[in-house]
Amino acid sequence: MTTASPTRRLDELDAAYAALHTRKEDAFWSAKMGLLDDSQAAHSELETREIELQRFLQDPARLTEARELEARAASDTERVRAAGWVATFQAHVIDSPRARELAEQITAAESRLEHARGEMELGYRDSGGGFVRASSVKLSSLLRSAPDEALRRAAWNALRSIEPYVIDHGFLELVRMRNRLGRLLGAEDYYDWKTRRVENLSKRQVFAWLDELEERTRAAGQRAVNDARATHGAQRLTPWNLHYLVAGDVTRELDPYFPFRSALAVWGRSFAALGVKYAGAELVLDLVDRKGKYENGFMHGPVVAWRTPRGRVPARIHFTANAIPGMVGSGQRAMQTLFHEGGHAAHFANIDMPSPCFGQEFAPTSVAFCETQSMFLDSLLDDADWQQRYALDEQGRPMPFELVERALDAHQPFAAWNARAMLAVCYGEKALYEIPDDELTPQRALETLRDVERRLLFLDEGSPRPILAVPHLLSGDSSAYYHGYVLAEMAVHQTREFFRTRDGHLVDNPRIGPELARAWWAPGNSVSFGEFVRRLTGAELSARAMAHSVNLSAQEAKQEARAALARLESVPRWNGPVELDARIKVIHGRETVAQLDGDFAAFAHAFERWIDELTAAERTP
């Protein structure tokens, strides 16, 4: 039994963890952003730092000590800090030496697979037979915007090529290893172990919510596909055509109202109007696609926000996007990432608890709760009243309502289907972990994924985004994770309904930021996902609000948009300075593009100039 005073020992735990966390997260950023010339060395360093951190978190002796400290706590602050460490170690500790050894082997296998995936020569064949290198982000954009069907099919085939590639480079062996770990630790399989560890929920509990949403959206999803077949012909409704046929033209029409160059300025003004602040955090943003960069947006916090006896430690937070200047839809994607990852950053920057274990983004921090913050804030971009205020073309003219209506005519019929596309990733990944080890062959794995895609999405040839092209499934942190987005989407719709019922609007609502900071952000992971939802909305989490929204007809959605615009006349326009209480730097790899030193307008203008230069370079033959 430890004899040191609880406060002194807790101070030592806090300091040790904070240092390990920062070293690992800085290595993560270097490896994922392709910042080092030697990619293999960068991934090796990340693997070393990850194992170092996991050894600290998985040590059973630390859990025993944390429980002793909780029992000996002499003040409320000591009890809170010790309870935080008990919860953290409970989420990570692996009692079995055999299982701890296997966990380290899994980390090494994940590192090898992610390195191999990063080195993949991904791209498509153009009309002349030449190979065109393209990231998965660009390939997905081509499915929505390329007028040439042959190009769209080539892009989709390239996305499909990711699946056999990752299988050939060890993914199925990684699934077997993960399952062995989950079963060694008493769970049904790896997926079940992961949900219990992160969400404190069994796999069955998680999928009970997902099953409810699947049932509520089935008829609307099937109807959307049937109607599209009747309109465009069954032969044309393929995975590479679907997004373009239902939204390709309107995507091009919307593009001028989401100029990439203005994305930073729009994000700053809109968040300032909501009262969102970053509590003195340092934000580092890397927003443009490039070779060697991880092909999915993310936010990680190398320095955790927490309160020490000597004062508060502000967060250092990094987030990234993969926008492509000059490409149709790139501006909208950049804005969505700024709102989404900026929402994550606001959450973690505002945590105000007396230990760093409450402010990090891993277990016992709920995935679903983390994603609720980001998805709630990025949901504003689809609102007609937000678009009227902020979706402006280069001349400052707002998006005409006729275009809002056309966008709803294009997108709303497939809203339920899009929800099911998220579900397909969850059900597909779950199904992989439920295949017995001796039956987990490449053929069985791919057949299983295609069966899930056909059942959920009603397309004979599968999904526009093949399940194994989703990068989350490869990474240890984000594997068995995607259900968090779906649960978060349910909570988002419930939260939107709450604010609209109480305040009448979301856009430029200055009560939102302070209320989220108080009720949701400050407590860190000391409160469960379900309790957070109840705390703000007063109701248990349910699929009802989300199902209602995605099942609306286009006509019903347009009626809601008209009502929102009518209310907008009574919503004061926010014209104050952009004060986010943050130090912000935009980078591109090792290059610093723009840095905020107090004047947000000048900061945004520097970013605009840089995007203009990139766009001009893209257009130069």
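Reading the values: rules and limits
- Residues numbered from 1 in each chain as written.
- Predicted model: local features only at pLDDT ≥ 70, side-chain atom pairs only at ≥ 80, totals over all residues.
- Heavy atoms only, no water.
- Helix = DSSP H or I, 4+ residues; strand = E, 2+ residues; numbered from the N terminus.
- Rg over C-alpha atoms; globule rule 2.2 N^0.38 Å.
- Contact = heavy atoms within 4.5 Å.
- Core = buried A, V, L, I, M, F, W, Y, C linked by side-chain atoms within 4.5 Å.
- Buried < 20%, exposed > 50% of the residue type's maximum accessible area, 1.4 Å probe, protein only.
- Axes fitted to C-alpha atoms, helices over the stretch in contact; angles between N-to-C directions.
- Parallel < 35°, antiparallel > 145°, perpendicular 65-115°, else oblique.
- Left-handed = near helix turned anticlockwise from the far one by under 90°.
- Nonpolar A, V, L, I, M, F, W, Y, C, P; charged D, E, K, R; others polar.
- Salt bridge = Lys/Arg side-chain N within 4 Å of Asp/Glu carboxyl O.
- Pairing = 2+ DSSP bridges.

*Asks:* I would appreciate a short explanation of the overall build of the chain in the present structure.
*Replies:* Helix and strand counts for the chain stand at 24 helices and 9 strands. The C-alpha radius of gyration of the chain comes to 24 Å, within 12% of the 25 Å expected for a compact globule of 621 residues. Here the C-alpha coordinates of the chain stretch approximately 75 × 60 × 50 Å along the principal axes. Sequence separation of 24 or more characterises 77% of the internal contacts of the chain that already satisfy a separation of 6 or more.

*Asks:* Please explain the nonpolar core as it appears in this structure.
*Replies:* Among soluble globular proteins, nonpolar side chains are generally buried collectively. In this structure, Phe171, Trp267, Tyr278, Leu283, Leu285, Trp386 and Ile584 are the most contacted members of the largest nonpolar core, which totals 206 residues. No other element matches helix H17 (residues 415-433), which puts 13 residues into this core. Those residues in contact with Phe171 that sit more than four places away from it in its chain are Leu113, Val166, Arg178, Leu432, Leu468, Leu473 and Leu474. Within the second largest apolar cluster, 12 residues are counted, among which are Ala31, Leu46, Tyr294 and Ile587.

*Asks:* Explanation requested: unusual backbone geometry in the structure shown.
*Replies:* What is expected of a backbone is that most residues other than glycine have negative phi and most peptide bonds are trans. Residue Pro364 is reached from Ala363 by a cis peptide bond, and omega for that bond is 10°. Of note, the phi angle at Asp508 is positive, near 55°, even though the residue is not glycine. Residue placement: Asp508 occurs in the loop between helix H19 (483-503) and helix H20 (512-521). Overall, Asp508 belongs to the buried group, its relative accessible area being 5%.

*Asks:* Would you mind going over the packing of H17 against helix H18 (residues 442-457) with me for this structure?
*Replies:* What describes two packed helices is the angle between their axes and the distance between those same axes. For the pair H17 and H18, the least separation of the axes is 9 Å and the interaxial angle reads 155°. Relative to H18, H17 is oriented roughly antiparallel. The interaxial crossing formed by H17 with H18 has right-handed handedness. Every residue of H18 that contacts H17 at Trp417, Arg420, Ala421, Leu423, Ala424, Tyr427, Gly428, Ala431 and Leu432 is listed here: Ala445, Thr448, Leu449, Val452, Arg455, Leu456 and Leu457. Along the lines of polarity and charge, the residues of the contact of H17 with H18 split into 12 nonpolar, 2 polar and 2 charged.

*Asks:* I'm lost on the environment of Ala604 in this one. Help?
*Replies:* Along the polypeptide, Ala604 turns up in helix H24 (residues 600-619). Placed 346 residues apart in sequence, Ala604 and Phe258 show a C-alpha to C-alpha distance of 15 Å. Those residues in contact with Ala604, other than ones at most four positions away along the chain, are Leu264 and Ala265.

*Asks:* Before we go on, may I ask you to explain the pattern of salt bridges in this structure?
*Replies:* Between side chains of opposite charge, pairing is possible as soon as their charged atoms come close. Evaluation of the coordinates by the stated rule reveals 55 salt bridges. Note that Arg204 is salt-bridged to Glu188, the shortest N-O span being 3.7 Å. Of this pair, Arg204 sits in helix H10 (residues 203-232) while Glu188 sits in the loop between helix H8 (171-184) and helix H9 (190-199); the two residues are 16 residues apart in sequence, bridging distant segments of the chain. On the basis of relative accessible area, Arg204 is assigned to the exposed category, the value being 64%. On the basis of relative accessibility, which here comes to 37%, the residue Glu188 falls in the partly exposed class. Across the pair Asp286 and Lys293 runs a salt bridge, and its minimum N-O distance is 2.8 Å. For Asp286, a relative accessible area of 0% puts it in the buried group. In this structure Lys293 comes out as buried when scored by relative accessible area, which is 4%. Because the salt bridges share partners, they merge into one network encompassing Glu188, Asp189, Lys203, Arg204, Lys430 and Glu434.

*Asks:* Help me out: how do you make sense of the pairing of strand E9 (residues 591-595) in this one?
*Replies:* Walk down a regular strand and you will see the side chains alternate between the two sheet faces. Taken together, the 4 bridges between strand E8 (residues 582-588) and E9 define a ladder with antiparallel strand orientation. Its bridge partner lying in E9, Val586 is registered against Ala594. The turn linking E8 back onto E9 is made up of 2 residues, and Gly589 within it adopts a positive phi angle of 65°.

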